[in-house]
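Listed below are the residues making up each chain.
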Amino acid sequence: MSDTILICITVLFALAVVTSDSFVVTLLYLLAGALLLGRLWTTRAMASITFQRLFPKRLFLGETITLKLDIINKSRLPVVWLRLQESLPLEIATMPFYQHVLSLGPRERTSLSYQLVARKRGYYSIGPLHLTSGDLLGFSKENRLEGAVDYITVYPRVIPLPKISLPSHSPIGNLRHKQPIFEDPNRPIGKRDYRTGDSMRRIDWKASAAVGRLQVKQFEPSIELETAIILNLNNQEYHYRERFDATELAIVAAASIANWSTTHKQAVGLVTNGSDPLGINNLAQPMTPQKGRSHLIRILETLARIKSADAQPVAGLIHQHRVNLAWGTTLVVITGQAEKSLFDEFFRAQRAGLDIVLILCGHVIGLQEIRQHARRFNIPVYALWSEKDLEHWQN
Amino acid sequence: MINRSAPTNFRSNLRMSSIAGFITICLMMSCVGTALMYFGLRLAPSWNISYLPWLCAVVALEAILSRNITRSRTGKEKWIYMASELIFIAVAIKILIYLFNGFNRLFVELPAWEQDLGYFFTVDYVFVLVSVMIIWLVTGVIASDIESLHDQENDWGNENIGFLEKNRMETRQSLIEVVLSLGIGVVSLTALARVSLPVQLNIDLAPVQAPIMNAVAYFLLALALASMSQFALLHSRWLWQHVPVNPKIAWRWIFYTFLFFVFISALAAILPTHYSRSLLYTLQIVFTFIIQVVLFIIAFVIFLFGWLLSGCTKSNSPEAPAAPPFVPNFPTTPNEIPPAPIPWLEFVRSIAFWLVFSGIIIYAVRTYLLQNKILLASIKEIPFISWLLRGLMTIWDWLRGVNQQFIMAVSAQLQRFQIKPGIEQTLSSSIFGGLKKLNPRQKIIFYYLALIKRGGQYGLARKPSQTPLQYEHILENTLPEVREEIDTLTDSFIEARYSAHEISGEHANHVQQFWKRVMTTLRGLR
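Residues numbered from 1 in each chain as written. Chains lettered and ligands numbered in written order. Predicted model: local features only at pLDDT ≥ 70, side-chain atom pairs only at ≥ 80, totals over all residues.

A.B. asks: Outline the overall build of chain B, supporting the account with residue identities and numerical values.
C.D. replies: Of regular secondary structure, chain B possesses 16 helices and zero strands. In chain B, which comprises 526 residues, the share counted as buried stands at 25%. Looking at chain B alone, contacts between residues at least 24 apart form 73% of all its contacts between residues at least 6 apart. (Helix = DSSP H or I, 4+ residues; strand = E, 2+ residues; numbered from the N terminus. Buried ≥ 20, exposed ≤ 12 C-beta atoms within 10 Å, placed from the backbone. Contact = placed C-beta atoms within 7 Å.)

Shown next, in the form of structure tokens:
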């Protein structure tokens, strides 16, 4: 289009030269002004457009939020038309992309909004926001800008597991236990008559004086459960037909166990071989067992971002991180398959004082053999086919 | 999921936008008409063509409105309509010229038309006609482009958005090209009207004070049209892609376009032109110099070739005498005296010319008006035209009434003539075959007619306007002695003539007695 205008301006210029009439020059100014000022206007106005997205950066699964998009024209020049097109991930969008055409006056601010539904855990990019504008006459090309990208985290599903039982050999903790060997002197539950063999330290002298015979204090046994979740997301160790569902189930199981541990004020850590978009070299950073909700949130964020990949086998992963774990730590190994090499590694871990729980997700080849192996090592094995199987730990 | 129907507000917006575009075209064509008018005045200052701007606007409007009719026709019908449209416009222009220049000119020119149709196409008429035809054609092209830009009904739901968008962009490009080309034309015409021509051209045409506002207005309107077409293009794109559009945008578009135009107009008006003109003068000198150099080189090359060629021809035949120029020997013809025109042939020619000429015009105008029912209705609503039409209708009704009366009278006479031969036959049969052959009704009629005939012979002729009863009154006054007989005879005649019932023979014989008495009395008048 601008070529046509330029030709017209050239012809007018030639006419001005030939005729030397001032009105042709005036028309020349008019047309050239329309072309140049139109182009200048659009360029300047576009350069002064900013935007910001206001939305919660973290979502739980199933949550619906409204994202507010503020478009600000900082210039004194109006933007007659501005087309916005925001790319949205299908997993959380209610539409393939959000688009709108608006007009902004001088220094005007406009708010637009659209909804996002957290349908699937993940780490999603919102945007980029494409901005397009042009002049009133359509003589110059449209100006396009690409805005910044924001990210949103959708946590994985967390299923409450009140009845889960994880083995531990760490005495004196917050969790009740049945074995009297783990009696916790901070948790007195009563008194009884002295028996031969009772430690003199446990005699309650005041109570003995009052009753008139020796009374000893009784303590509730308790354990400390320091859990390290080993989440295997190596594609090769899941059945190829159910790889996606099984890995997702594994992540849900990991999130639920981490949540249970934190709820019970136990330390929990996460080691995984999955791919993390925010990790160094796309590798998820291991998180040593720690207590507290903020730590749980960090674990959940990692679990939200994490993706299965062709990665290091789980046996190697345990071998690599086992040395960093404290004695008595319970390893909750979540995987899709258990090879002999894994049991070898389990054996070494047990020798190092770690308790092991094996959770198998999805279709597992040779489950009976695995159970037999595990029985030999005294390792509890749980097989999960779907999220419903986690309900066993609910009641 | 694509919505297959355009929203109602979208359709109304499109209609409004189209109408705004068409109004802009009409105004632009008026500006072109102004430029053409001043150019025409430069060519011939005596021309009265002040109507040209308005005419151009009206013709542009006509071209836009008639597009719907043209589009609905195909093949032969379409071409007939277009031809009738052009003839209608041509006739309308001719009438307009006479309206502005006086109808005396028509009466002067009218006899000359049949001699040479060239007299019909006078120079000013041809100038206006050509100008208007150009306007008509260009308006058609621009209106077509605007309609294409706004016609989304057929495209709505088309999934090939890329193709549609490309198509629209090409249409818009074409629209802008046509409008700007016409703008260059307007500027050129205005400049030609204003600028003093170089003395070397030896053309004695004084410059006129042509206004420049029409050219400026044309370009502003062209920019407005470009803005509207851009909005239509974008709006279509957004709708095809189902992009929600802020409703404020249309009004803001208009408002900011207006502001933008005011700004650039002010800028163009404020910016000095004399500096530029100085530059332009310098450039003009430079260009003139360059052109002269180029012309000199061309002339030199031509001269060189000519010289070389002349050298070649001389070397081939150095002593060949120059051949005398060949003069064809045409047979000489005596000075022919044109034959004297044959009066009846000239008359037939004249009739044929006017029949053909008026036939074509009437057919074209009728076809055009019948197709343009809205225009016809609008014309009928003009006070003068409605009054004229009412007058004509009254005259027509009166003529129809007269005609009907005439037909009735003729038919009555024919009936009478149908009876009269019977009477004549009766009379003749009475003469040649005797009364015995007649029936009683015919006998009574015969007696009465014989009475009239005999009365005429005795100075009591019946006037054609007199009824039997009036004639009876005359006879009774003259022949009072047979008053009763005359009365009976007249009544019997009326009965026999107009009644349908049977007339008895006794009654006829009775009437015969009376008739004889009256005839006897008549003979006594001698």
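A.B. asks: Which residues make up unusual backbone geometry, and what values do they have?
C.D. replies: Residue and element names in this part refer to chain A. Cis geometry is found at the peptide bond from G127 to P128, where omega equals 5 degrees. Positive phi values are uncommon outside glycine, yet K265 reaches one of about 60 degrees. Along the chain, the position of K265 falls in the loop between α4 (243-263) and β15 (268-272). On the neighbour-count criterion, K265 (12 C-beta atoms within 10 Å) is exposed.

A.B. asks: Quick rundown of the sheet that holds strand β6 (residues 109-117) of chain A? Include the residues and the values.
C.D. replies: Residue and element names in this part refer to chain A. As summarised here, the arrangement of the three strands in space is β1-β3-β6, forming an open sheet in which the pairing is antiparallel. Strands at the two margins of the open sheet, each flanked by one partner only, are β1 (49-54) and β6. In this sheet, neighbouring strand axes are inclined to one another by 20 degrees on average, regardless of whether the strands run parallel or antiparallel. (Pairing = 2+ DSSP bridges. Axes fitted to C-alpha atoms, helices over the stretch in contact; angles between N-to-C directions.)

A.B. asks: Can you tell me about the packing of helix α2 (residues 52-72) of chain B against helix α5 (residues 123-150) of chain B, naming the residues and giving the values?
C.D. replies: All names here are of chain B. Where α2 contacts α5, the axes come no closer than 9 Å and their chain directions differ by 40 degrees. Judged by the angle between their axes, α2 and α5 are oblique. The interaxial crossing formed by α2 with α5 has right-handed handedness. Together, L52, L55, C56, V59, A60, A63, I64 and R67 of α2 and V128, S131, V132, I135, W136, T139, G140 and A143 of α5 make up the contact between the two elements. Residue composition of the contact of α2 with α5, grouped by class: twelve nonpolar, three polar and one charged. (Parallel < 35°, antiparallel > 145°, perpendicular 65-115°, else oblique. Left-handed = near helix turned anticlockwise from the far one by under 90°. Nonpolar A, V, L, I, M, F, W, Y, C, P; charged D, E, K, R; others polar.)

A.B. asks: If you had to explain the confidence of the model for chain A to someone new, which residues and values would you point to?
C.D. replies: Looking at chain A as a whole, its pLDDT mean stands at 87, while 95% of the residues score no less than 70. When pLDDT is averaged over each helix and strand of chain A, the minimum, 64, is found for strand β11 (residues 170-176) of chain A and the maximum, 94, for helix α5 (residues 293-305) of chain A. (pLDDT = per-residue confidence, 0-100.)

A.B. asks: With reference to specific residues and values, describe the nonpolar core.
C.D. replies: In a soluble, globular protein the nonpolar side chains are often hidden away together inside. I230 and A254 of chain A are the most contacted members of the largest nonpolar core, which totals 170 residues. The element best represented in this core is helix α7 (residues 213-240) of chain B, accounting for 15 residues. Contact partners of A254 of chain A, with chain neighbours within four places excluded, come to I229, L231, L270, L303 and I334 of chain A. Within the second largest apolar cluster, 19 residues are counted, among which are I444, I445, F493 and A508 of chain B. (Core = buried A, V, L, I, M, F, W, Y, C linked by C-beta atoms within 7 Å.)

A.B. asks: Kindly report on the environment of V186 of chain B, identifying the contributing residues and their values.
C.D. replies: Mapped onto the elements of the fold, V186 of chain B is located in helix α6 (residues 161-194). Residues contacting V186 of chain B, with those up to four places away along its chain left out, are C31, V32, A35, A215 and Y218 of chain B.

A.B. asks: Describe the interface of chain A and chain B, and please don't skip the residues or the numbers.
C.D. replies: Between chain A and chain B, the residue contacts involve 35 residues of the former and 45 residues of the latter. Looking at the side of chain A that touches chain B, the elements that each hand over two or more residues are α1 (2-19), α2 (22-47), β4 (79-87) and β5 (97-104) of chain A. For the side of chain A that touches chain B, the element with the highest residue contribution is α2 of chain A, accounting for twelve residues.

A.B. asks: Tell me what's going on with the pairing of strand β20 (residues 381-384) of chain A, and back it up with residues and numbers.
C.D. replies: Residues and elements named next belong to chain A. Examined bridge by bridge, strand β19 (residues 355-361) and β20 share four bridges and lie parallel to one another. Note on β20: the bridge partner recorded for I359 is Y382. Crossover β19 to β20 through helix α8 (residues 367-377) is right-handed. (Right-handed = clockwise from strand over helix to strand, strands pointing away.)

A.B. asks: Account for the sheet that holds β20 of chain A, naming residues and giving values.
C.D. replies: All names here are of chain A. Taken together, six strands build an open sheet; the order of strands is β17-β15-β14-β18-β19-β20 and the sheet is mixed. The open sheet has two edge strands with one neighbour each: β17 (287-290) and β20. Averaged over all pairs of adjacent strands, the angle between their axes in this sheet comes to 20 degrees, without regard to strand direction. Sitting on the sheet, helix α6 (residues 314-322) touches β14 (227-231), β15 and β18 (330-335), and the angle it makes with β18 is about 160 degrees.

A.B. asks: Would you mind going over the packing of helix α14 (residues 468-478) of chain B against helix α15 (residues 483-498) of chain B in detail, with residue names and values included?
C.D. replies: Residues and elements named next belong to chain B. Contact geometry for α14 and α15: axes closest at 10 Å, N-to-C directions at 165 degrees. By the angle between their directions, the pair α14 and α15 is classed as roughly antiparallel. The handedness of the crossing between α14 and α15 comes out as right-handed. On the side of α14, the interface is formed by P468, L469, E472, L475 and E476, while α15 contributes R483, I486, D487, T490, F493 and I494.

A.B. asks: So, helix α3 (residues 75-101) of chain B: which residues are in play, and what are the values?
C.D. replies: With 27 residues, α3 of chain B should reach 39 Å at 1.5 Å per residue; the first-to-last C-alpha distance of 39 Å fits that figure. All of the buried residues in α3 of chain B are Y81, S84, E85, F88, I89, I93 and I97 of chain B. (Expected span 1.5 Å × (residues − 1).)

A.B. asks: I'd like a description of the environment of E114 of chain B, backed by residues and values.
C.D. replies: Residues and elements named next belong to chain B. Among the structural elements, E114 can be located in helix α4 (residues 104-115). Owing to 17 C-beta atoms within 10 Å, E114 belongs among the partly exposed residues under this scheme. Residues contacting E114, with those up to four places away along its chain left out, are S350, F353 and W354.

A.B. asks: Break down the confidence of the model for chain B for me, with residues and values.
C.D. replies: All names here are of chain B. Per-residue confidence for chain B gives a mean pLDDT of 79, with 82% of residues at or over 70. When mean pLDDT is taken per element in chain B, α15 scores highest with 89 and helix α12 (residues 383-432) scores lowest with 71. Scored below 50 in pLDDT, residues 1-5 makes five contacts in the model with residues more than four places away or belonging to other chains. Contacts for the low-pLDDT stretch residues 316-320, under 50 throughout, to residues beyond four places or in other chains number zero contacts.

A.B. asks: An account of the environment of L475 of chain B is requested, with residue identities and associated values reported.
C.D. replies: Residue and element names in this part refer to chain B. Note that L475 resides in helix α14. Counting along the chain gives twelve residues from L475 to D487, while the straight-line C-alpha distance between them is 9.4 Å. With sequence-adjacent residues up to four places away left out, L475 is seen in contact with G455, L460 and I486.

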